[in-house]
Amino acid sequence: MNYIEPHGHMVSRTTDDYERMALAGCRAICEPAFWAGFDRASAAGFYDYFRQITDYEPKRAAKFGIQHYCWLCINPKEAEDTKLADEVIALIPEFLKRPGVLGIGEIGLNKNSRNELIIFEKHVQLAQDHQQLVLIHTPHLEDKLKGTRLIIDSLKNFPKIDPRRVIIDHVEEHTIDAVLDAGFWAGITLYPESKCTPHRAIDMLEQRQGERIWMNSACDWGISDPLAVPKTVQAMRQRGWSEAMMQKIVWENPRAFMGQSEKFVMP
Amino acid sequence: MSTWTPPSTVNLADIGFMDARSKLIDLAAFLDRVQRAGQEGDFRVQALQRAIKLLDASQPQRAREVLLSFSDPSTEPIAKATMQGAIGAFKP
């Protein structure tokens, strides 16, 4: 089955992974800007990273017939240093013009600090000023509930931001209702131990009838699985899902959200 | 977009019982292991012990309730992030 991987950090993955994903039916990958596993020393490091995900990765993906899109920001793990964050945010408008850039992301919170929140709101302002889609990361584990609530509250300060143009990612059973009930899109991340298993994801999809939800692997430099989405499709099949409903979740939903950007073009 | 069609009925125990059984025995063995080592006072183990009690609930909201039990209940941003990772259970 053809599918879209709406959240993959391919700079951390091998070319073999592109091949495996293509063989499994992946036709597009969307790469949010993220933490590299270490704190970058200067904005120049981000400049090169933005070049990599806007120029180099699309070419690497294209060799396997996969379209590559991306999102830009400084991630919340590096947002405690507000001077660095301001310098990085200043770089973003230049890159927003590039083909394949869908919006601002993955912004959000990590430890729910004041500085993280300040930098989150600067990113949202940037998205509002440039009419960009927004992809939001919610914190890990014990910090997720509080961070999700702070993010939703903060977005209320931006009345021009349409919730239908915002996806709040990494939801779990204790946060999905708050996100969807506020009108946002929700992302479910299939990630070993720290996020969601295939069967838990399917439970949530069934509870919310697949509304405004996408599913992603968030594959990165950690222990993660770039084939998590097609493996979950297999679990859906076991659980009696129709081909049309599986297609809705792994193809139509991400296409509907990202298709709000004129740059996202899928057959 | 396609409207929602519920999945056909399948036997969920056929699909999930062995996996759940295995995870439950792993959890039991973990609790035995930390107790034998005298480490059952660790706040993470205590958090697990509290979460296990929630499995007795009558409503199908157990996963949500377990996740809530591990969560930071505070509502205000912290002054400064002093670490980047998360532990898995809120330390009061």
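Look up a bit, the structure's there.
All of the points below concern the structure found in this document. (Residues numbered from 1 in each chain as written. Chains lettered and ligands numbered in written order. Predicted model: local features only at pLDDT ≥ 70, side-chain atom pairs only at ≥ 80, totals over all residues.)

Helix and strand counts for chain B stand at three helices and zero strands. Taking 12 Å as the expected radius of gyration for a compact globule of 92 residues, we find that chain B reaches 18 Å, considerably beyond that expectation. Expressed as a percentage of its 92 residues, the buried residues of chain B come to 11%. (Helix = DSSP H or I, 4+ residues; strand = E, 2+ residues; numbered from the N terminus. Rg over C-alpha atoms; globule rule 2.2 N^0.38 Å. Buried ≥ 20, exposed ≤ 12 C-beta atoms within 10 Å, placed from the backbone.)

In this section: the packing of helix 4 (residues 114-129) of chain A against helix 5 (residues 144-155) of chain A. Residue and element names in this part refer to chain A. The interhelical angle for the contact between helix 4 and helix 5, taken along N-to-C directions, is 45 degrees, at an axis separation of 11 Å. Here helix 4 is positioned oblique relative to helix 5, judged by the angle of their axes. In this structure, helix 4 meets helix 5 at a crossing whose hand is right-handed. On helix 5, the residues touching Leu117, Phe120, Glu121 and Val124 of helix 4 are Leu150, Ser154 and Leu155. Considered class by class, the residues forming the contact of helix 4 with helix 5 number five nonpolar, one polar and one charged. (Axes fitted to C-alpha atoms, helices over the stretch in contact; angles between N-to-C directions. Parallel < 35°, antiparallel > 145°, perpendicular 65-115°, else oblique. Left-handed = near helix turned anticlockwise from the far one by under 90°. Contact = placed C-beta atoms within 7 Å. Nonpolar A, V, L, I, M, F, W, Y, C, P; charged D, E, K, R; others polar.)

Turning our eyes to something else, we now look at the sheet that holds strand 5 (residues 133-137) of chain A. All names here are of chain A. Here we have eight strands laid out as an open sheet, ordered 1-2-3-4-5-6-7-8, and parallel in their pairing. In the strand order of this sheet, the two ends are held by strand 1 (3-5) and strand 8 (213-216), each with one partner. If you compare each strand with its neighbour and ignore which way they point, the axes differ by 25 degrees on average. Examined bridge by bridge, strand 6 (residues 166-168) and strand 7 (residues 185-189) share two bridges and lie parallel to one another. Bridge pairing in strand 7 links Ile167 to Trp185. Against the sheet, helix 4 engages strand 4 (101-108) and strand 5, with an angle of about 160 degrees to strand 4. (Pairing = 2+ DSSP bridges.)

The next point concerns the interface of chain A and chain B. Contact with chain A, which involves 37 residues of that partner, is made by 31 residues of chain B. Elements that contribute at least two residues to the side of chain A that touches chain B include exactly helix 4, helix 5, helix 7 (198-207) and helix 9 (243-258) of chain A. Its residues assigned to classes, the side of chain A that touches chain B comprises nine nonpolar, 11 polar and 17 charged.

Here we take up the nonpolar core. Counting 81 residues, the largest nonpolar core has Leu72, Leu102, Ile167, Ile168 and Ala186 of chain A as its most contacted members. Excluding anything up to four places from it in sequence, Ala186 of chain A contacts Ile167, Ile168, Val171, Ile176, Val179, Leu180, Arg212 and Ile213 of chain A. The next biggest cluster of nonpolar side chains, apart from the first, holds seven residues, and it includes Leu141 of chain A together with Ala47, Phe70 and Phe90 of chain B. (Core = buried A, V, L, I, M, F, W, Y, C linked by C-beta atoms within 7 Å.)

On to unusual backbone geometry, then. All names here are of chain A. The omega torsion of the bond from Gly105 to Glu106 falls at -10 degrees, within 30 degrees of zero and hence cis. Within the fold, Glu106 resides in strand 4. For Glu193, which is not glycine, the phi dihedral falls at a positive 65 degrees.

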